[in-house]
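A structural walkthrough
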Amino acid sequence: MIRWRFWAAAFCALAATAAAHAAAPVYGYRVVKVYPHDTSAYTEGLFYKDGYLYESTGEAGDSTVRKVELESGKVVQRHDLPSQYFGEGIVDWGSQIVQLTWKDQLGFVYDMASFKQQRTFYYAGEGWALTRNNKQIYMSNGTSQLQVLDPNTLAVVNTINVTDDGRPLVNLNELEWVKGEIYANVWLTNRIARIDPTTGHVTGWIDLTGLFDVSTLPDPGNDVLNGIAYDAKRDRLFVTGKRWPKLFEITLVPRNH
């Protein structure tokens, strides 16, 4: 009886370990609606607020912050960064927009209504993307680590090590907070990781293979999937890519691994 109990306990422990390291489920997608997207926009950051998309674009000498009509894709407001900066991710906080730059370790804070710069802030390493919940801002830098920022000081107050099946997940790029999870584009892939912000574990994958044929674009090696926005009020998920002519509203479809 003791031996049986020992092997039963060992089996349960092994099963629990296997479950903890089981591969995260993979979701496909269904396109709900297609919207126009400016092909000059080298998308680095994206969020939805009050009926508009807010987008930051990269490339030195051509980096912008934009307010965009969802239905038409028309840019209704725009701020051009000084030519020496490569714009990266953006997020809203209160009446402000926060933006990163790629390698300058410098960020900008703008008034959301006027797009006028209010202040700057500094951080170590590269800046890739931003998102938020109601308490904190989350930042990616191209590694497997997400940094948690105080939304008032924009200082790093915590870090999250992101892992998939126990392994570090690098190249975390554009971010979006969706129903308590962080969605992250993984640079140079067609996949979005769903990340538990408490543990850093990848809880699922969204495979967007076939959503758009980047080979039809002038620079398919660079014009990759990047950009996630979520309309929480209407439960709408939007995705696009760098210089893509389209922005897609999608819904997730469960599928086998």
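In this report, the structure presented in the accompanying data block is examined. (Residues numbered from 1 in each chain as written. Predicted model: local features only at pLDDT ≥ 70, side-chain atom pairs only at ≥ 80, totals over all residues. Heavy atoms only, no water.)

Here the focus is the overall build of the chain. A tally of regular secondary structure across the chain gives one helix and 22 strands. Compactness check: the chain gives a C-alpha radius of gyration of 20 Å against a globular reference of 18 Å for 257 residues, within 12% of the reference. Buried positions account for 49% of the 257 residues belonging to the chain. Of the contacts made within the chain by residues no fewer than 6 positions apart, 50% connect residues no fewer than 24 positions apart. Accessible surface for the chain amounts to roughly 12400 Å². Of this, 53% is attributable to carbon and sulfur atoms. Of the side chains in the chain, 25 bear a positive and 28 a negative charge, and the two mean positions are spaced by 6 Å. (Helix = DSSP H or I, 4+ residues; strand = E, 2+ residues; numbered from the N terminus. Rg over C-alpha atoms; globule rule 2.2 N^0.38 Å. Buried < 20%, exposed > 50% of the residue type's maximum accessible area, 1.4 Å probe, protein only. Contact = heavy atoms within 4.5 Å. Areas by Shrake-Rupley, 256 points an atom, 1.4 Å probe, with all protein chains shown as cover. Lys, Arg positive; Asp, Glu negative; His and termini not counted. Charge placed at Lys NZ, Arg CZ, Asp CG, Glu CD.)

This part is about the pattern of salt bridges. Within the structure shown, the criterion is met by 13 salt bridges. Between Arg243 and Glu59 there is a salt bridge; the shortest N-O distance is 2.8 Å. Of the two residues, Arg243 sits in the loop between strand E21 (236–241) and strand E22 (246–254) while Glu59 sits in the loop between strand E3 (52–57) and strand E4 (64–69), which places them 184 residues apart along the sequence. Between Asp92 and Arg132 there is a salt bridge, with the nearest N and O atoms lying 3.0 Å from each other. (Salt bridge = Lys/Arg side-chain N within 4 Å of Asp/Glu carboxyl O.)

Another aspect to go through is the packing of aromatic side chains. Within this structure, the stated rule accounts for twelve aromatic pairs. Arranged with centres 5.4 Å apart and planes meeting at 75°, the rings of Tyr85 and Phe108 form a pair that is edge-to-face. Pair noted here: Tyr85 is in the loop between strand E5 (75–80) and strand E6 (87–93) and Phe108 is in strand E8 (residues 106–111), with a separation of 23 residues, a long-range link. When sorted by exposure, Tyr85 lands in the same class as Phe108, which is buried. (Phe/Tyr/Trp six-rings, centres within 6.5 Å; stacked < 30°, edge-to-face > 60°.)

Below, the discussion takes up the nonpolar core. Residues Leu146, Val162, Leu169, Ile195, Val202 and Trp205 are the most contacted members of the largest nonpolar core, which totals 18 residues. Listing elements by their share of this core, those giving two or more residues are strand E12 (145–149), strand E16 (172–178), strand E17 (181–186), strand E18 (191–195) and strand E19 (202–207). Element by element, the count of residues in this core is highest for E17, at three residues. Every residue in contact with Leu146, bar those within four places of it in the chain, is listed here: Met139, Ser140, Asn158, Thr159, Ile160, Val162, Leu172, Leu175, Ile182 and Ile195. (Core = buried A, V, L, I, M, F, W, Y, C linked by side-chain atoms within 4.5 Å.)

Turning our attention to the sheet that holds E19. As summarised here, the arrangement of the eight strands in space is E16-E17-E18-E19-E1-E22-E21-E20, forming an open sheet in which the pairing is mixed. A strand with exactly one partner marks an edge of an open sheet, and here the two such strands are E16 and strand E20 (225–231). Ignoring strand direction, the axes of neighbouring strands in this sheet form an average angle of 35°. Relative to E19, strand E1 (residues 26–36) runs parallel, the two sharing two bridges. Across the sheet, residue Val26 finds its bridge partner in E19, namely Trp205. (Pairing = 2+ DSSP bridges. Axes fitted to C-alpha atoms, helices over the stretch in contact; angles between N-to-C directions.)

On to the environment of Leu81, then. Structurally, the position occupied by Leu81 is in the loop between E5 and E6. Among the residues examined, Leu81 registers a relative accessible area of 8% and is labelled buried. Taking the C-alpha atoms as reference points, Leu81 and Ala60, separated by 21 residues in sequence, lie 8.9 Å from one another. Other than its neighbours up to four places away in sequence, Leu81 contacts Ser63, Thr64, Val65, Gly87, Gln99, Thr101, Phe108 and Tyr110.

Read across the sheet, four strands follow the order E2-E3-E4-E5 without closing on themselves; strand pairing throughout is antiparallel. Among the strands making up the open sheet, the edge pair consists of strand E2 (43–49) and E5. For this sheet the average axis-to-axis angle between neighbouring strands, irrespective of direction, equals 15°.

Bringing the side chain of Asn185 into the picture now. For Asn185, the location among the structural elements is in strand E17. Setting aside residues no more than four positions away along its own chain, Asn185 makes contact with Asn171, Leu172, Asn173, Glu174, Arg191, Ile192, Leu225, Asn226, Gly227 and Ile228.

Moving on, we get to unusual backbone geometry. Residue Asp50 is not a glycine yet carries a positive backbone phi of 50°. Residue placement: Asp50 occurs in the loop between E2 and E3. With a relative accessible area of 61%, Asp50 lands in the exposed category. Non-glycine residue Glu59 carries a positive phi angle of around 90°. On the basis of relative accessibility, which here comes to 27%, the residue Glu59 falls in the partly exposed class.

Within a regular strand, the side chains alternate between the two sheet faces. Burial of E21 is extensive: six of the six residues sit out of reach of the surface. Every second residue of E21 is oriented toward a common face, with Arg236, Phe238 and Thr240 on one face and Leu237, Val239 and Gly241 on the other, all of them buried. Of the pairings in the sheet, the one linking E20 to E21 comprises five bridges and is antiparallel in character. Paired with Tyr230 across the bridge in E21 is Leu237. As consecutive antiparallel partners, E20 and E21 are separated by four residues, and within that stretch Asp235 has a phi angle of approximately 55°, a positive value.

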